[in-house]
Amino acid sequence: MAVIARVKVLWSVFLCLSSLLLVMNFSGTMWGKLDMGTISLSSRLQQHQNLSSSDAVLERGDRLLTRAEHFLTSELSGPQRNDTCSDPVTNFVFIKVHKTASASTAVVLLRFAYKHHMIMCYPHTPWGIAGFRLTFPSTEIYKSNCSRWQVLGDHFNFLVHHTIFNKSGMDAIMKPGTKYIGIMREPQSHIRSWFFYNRHHRIYKNQGHKNPLGEYLDNPEYFEDLASKRTRRTDIGVHDRNKQAFIMGFPPDLLNTQDTGIMDRAIWQLHQWYTFVIISEYYEESLVMLRRKMCWDLYDILHSTKKIHEQHTPKKYIPFTDKQLANHKRINALDYRMYDFFNRTLWKSVEEEERGKGFWEEVAYFKALVERVNTYCLTSKNERPMEVPSSKWNKPFSVDDNFCKGLSRTPKEWARRLFYQMARRDKIWKKSSLVVA
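Here the structure is a predicted model, which is why all the values come from computation and not from measurement.

Caption draft 1: Inspection of the overall build of the chain at higher detail. Counting its secondary structure elements, the chain contains 19 helices and eight strands. Taking all 437 residues of the chain together, the buried fraction comes to 50%. Across the chain, contacts joining residues at least 24 apart in sequence account for 73% of those joining residues at least 6 apart.

Right under this line is the structure:
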């Protein structure tokens, strides 16, 4: 009997340990197999029931590291991967976050896709084409969302229109080995741009106020409730909280969590899925890093210095009061935390790249080249092309009027050109049923 009792005790211990290991691994292995929108808050809370809500987990000098930063530091302090380039990556998705320089980036990526004859998942609805969106704001995405998916369904290797990042859904659409590129902007700068671009001052009926954004941030719940009653929509304002995190793929039912342990685990998982996240405040540095990670040529990341959808609204520059800033951080805590993480990720990558790889030298060369190209393109009459000699980072190339026209095209114009190229090459041209706005 004593032997049987010991066996039962050991078996119980084994079952407990197995359950604990399953919970610990859920955020990595299992989450990758699930649609991110289906992960319930209760299941995520269960994973973190043994984690404290405190940010601090490791002391370094005179400061404390968050869990996510600790994970990041541990990863980059280990064996470094071999970044030697062979062929350029021509299979990727760009998660286009509103008001983050994503339109300028889309032009760069669409030009690259056109050059390499890539197959784009193009919207098949007029409203999607007009709004440059594929499935946004839905978190679901299927092959049937792409125009001519019956013909091209096994060949999609480029997606750039507005969508919510959904790893499992996009993996099912794209060719195997797809890389994911994101973009983020500092949250205070982002809300200033997004608030007025999306005409929130009209939604909240305070456009006559000398500081509409500041008045909203003084009492966001009041204005959101007022707007929802006027429009019969309950998602006004609240839908815009943590908007960057939502579009970048953070599980929707966790957007309002205040548990920093849950935040860090989810952010870390997203970090594992993204090849690179561009930081708008360090745009040229980000593009150079992207070029290196994707094995592209410097020519491929040249961009216009003219901002797309630039706003001239003096009211958006009025400084926040302490109360307004505190409220913004409170209702967008996740955006702040995610931006800080990916900003640190960029600089960790820079630190790694600078070890004998001349990163800053390339950045300086690239900035000077972008300025030269844009100066040339702004000149009214260019009789001769601008010749760019070879360097450590590019093959020799020339810039002419055709290139300049491409530099100034909008994302919609480039997308139409790419779709026409696909249609001609793959013989899917059926004018009566082809929808291209």
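Caption draft 2: Broad picture of the packing of helix α14 (residues 283-294) against helix α17 (residues 359-378). Packing of α14 against α17 leaves a shortest axis separation of 10 Å and a crossing angle of 115°. In the packing of α14 onto α17, the handedness of the crossing is right-handed. Packed against α14, whose contacting residues are Glu284, Glu285, Leu287, Val288, Met289, Arg291 and Arg292, the element α17 presents Phe359, Trp360, Glu362, Val363, Phe366 and Lys367 at the interface. Considering only residue class, the contact of α14 with α17 consists of seven nonpolar, no polar and six charged.

Caption draft 3: Here's a closer look at the pairing of strand β6 (residues 276-279). Across the two faces of β6 the burial is the same, with Phe276 and Ile278 and Val277 and Ile279 all buried. Relative to β6, strand β5 (residues 179-184) runs parallel, the two being bridged by four bridges. Paired with isoleucine 181 across the strands is phenylalanine 276, a residue of β6.

Caption draft 4: Spotlight on the state of the cysteines. For the coordinates displayed, the defined rule picks out two disulfides. Residue cysteine 121 pairs covalently with cysteine 146 via a disulfide, S to S 1.8 Å. Residues cysteine 121 and cysteine 146 share a disulfide whose torsion about the S-S bond is about -80°; that sign makes it left-handed. Pair noted here: cysteine 121 is in the loop between α4 (102-115) and α5 (126-130) and cysteine 146 is in the loop between α5 and α6 (149-152), with a separation of 25 residues, a long-range link.

Caption draft 5: A look at the environment of serine 286. You can see serine 286 is positioned in helix α14. A sequence separation of 103 residues divides serine 286 from isoleucine 183, and the C-alpha atoms of the two residues are 9.5 Å apart. Not counting residues up to four positions away in its chain, the partners in contact with serine 286 are Phe276, Ile278, Ile279 and Leu346.

Caption draft 6: Broad picture of the packing of aromatic side chains. Under the definition given, this model contains 21 aromatic pairs. Note on tyrosine 274 and phenylalanine 342: the rings are 6.4 Å apart at their centroids and 80° apart in plane angle, and the pair reads as edge-to-face. Taken together, the residues span a long stretch of sequence, with tyrosine 274 in the loop between α13 (260-273) and β6 and phenylalanine 342 in helix α16 (residues 333-353) at a distance of 68 residues. Phenylalanine 342 gets classed as buried once you look at its relative accessible area, which sits at 2%. Every member of this aromatic cluster is reached through a ring pair, and the members are Phe165, Tyr180, Trp268, Trp273, Tyr274, Phe341 and Phe342.

Caption draft 7: Geometry of the pairing of β5. Most of β5 is tucked away: five of the six residues are buried. Two elements, strand β3 (residues 92-94) and β5, share three bridges in a ladder whose sense is parallel. When the bridges of β5 are listed, phenylalanine 92 appears paired with lysine 179.

Caption draft 8: Layout of the environment of methionine 248. By secondary structure assignment, the location of methionine 248 is in the loop between α12 (243-247) and α13. Between the C-alpha atom of methionine 248 and that of leucine 270, which follows or precedes it by 22 residues, the distance is 8.2 Å. Ignoring any residue separated from it by four or fewer positions in sequence, one finds methionine 248 in contact with Ile95, Val97, Phe165, Gly182, Ile183, Met184, Leu270, Tyr274, Val277 and Met338.

Caption draft 9: Spotlight on the side chain of aspartate 300. Looking at where aspartate 300 falls in the secondary structure, it is placed in the loop between α14 and α15 (322-331). Of note is the side chain of aspartate 300, whose polar atom sits 2.8 Å from the side chain of lysine 115. Discounting chain neighbours no more than four positions away, the residues touching aspartate 300 are Val108, Arg111, Phe112 and Lys115.

Caption draft 10: Representation of the sheet that holds β6 in the model. Across the sheet, which stays open at both edges, the four strands sit in the order β4-β3-β5-β6 with parallel pairing between neighbours. Sheet topology places β4 (158-159) and β6 at the edges, where each strand pairs with a single neighbour.

Caption draft 11: Looking closely at unusual backbone geometry. The peptide bond linking phenylalanine 136 to proline 137 adopts the cis configuration, its omega dihedral lying at 10°. Assignment of secondary structure puts proline 137 in the loop between α5 and α6. Residue phenylalanine 132 is not a glycine yet carries a positive backbone phi of 50°. Within the fold, phenylalanine 132 resides in the loop between α5 and α6. Located in the positive-phi region is arginine 148, a residue other than glycine, with phi close to 60°. Along the chain, the position of arginine 148 falls in the loop between α5 and α6.

Caption draft 12: Fine view of the pattern of salt bridges. Tallying each qualifying case throughout the model produces 13 salt bridges. Note that arginine 241 is salt-bridged to glutamate 221, the shortest N-O span being 3.3 Å. Of this pair, arginine 241 sits in the loop between α11 (220-231) and α12 while glutamate 221 is found in helix α11, placing the two residues 20 residues apart along the sequence. Looking at glutamate 221, the relative accessible area reads 34%, which means it is partly exposed. Note that lysine 367 is salt-bridged to glutamate 285, the shortest N-O span being 3.4 Å. Pair noted here: lysine 367 is in helix α17 and glutamate 285 is in helix α14, with a separation of 82 residues, a long-range link. Assessed through its relative accessible area of 9%, glutamate 285 is described here as buried. Salt bridges here are not isolated pairs; linked through shared partners, they connect Arg291, Arg292, Glu353, Lys357 and Glu362.

Caption draft 13: Local environment of α4. With 14 residues, α4 should reach 20 Å at 1.5 Å per residue; the first-to-last C-alpha distance of 20 Å fits that figure. Counted residue by residue, α4 has twelve buried out of 14 residues, so it is predominantly covered. Among the residues of α4, those classed as buried are Ser102, Ala103, Ser104, Thr105, Ala106, Val107, Val108, Leu109, Leu110, Arg111, Phe112 and Ala113. Phi turns positive one or two residues past the end of α4, at histidine 117, with a value near 55°.

Reading the values: the criteria
- Residues numbered from 1 in each chain as written.
- Predicted model: local features only at pLDDT ≥ 70, side-chain atom pairs only at ≥ 80, totals over all residues.
- Heavy atoms only, no water.
- Helix = DSSP H or I, 4+ residues; strand = E, 2+ residues; numbered from the N terminus.
- Buried < 20%, exposed > 50% of the residue type's maximum accessible area, 1.4 Å probe, protein only.
- Contact = heavy atoms within 4.5 Å.
- Axes fitted to C-alpha atoms, helices over the stretch in contact; angles between N-to-C directions.
- Left-handed = near helix turned anticlockwise from the far one by under 90°.
- Nonpolar A, V, L, I, M, F, W, Y, C, P; charged D, E, K, R; others polar.
- Pairing = 2+ DSSP bridges.
- Disulfide = S-S within 2.5 Å.
- Phe/Tyr/Trp six-rings, centres within 6.5 Å; stacked < 30°, edge-to-face > 60°.
- Polar contact = N/O pair within 3.5 Å; in protein donor to acceptor, adjacent residues only side chain to side chain.
- Salt bridge = Lys/Arg side-chain N within 4 Å of Asp/Glu carboxyl O.
- Expected span 1.5 Å × (residues − 1).

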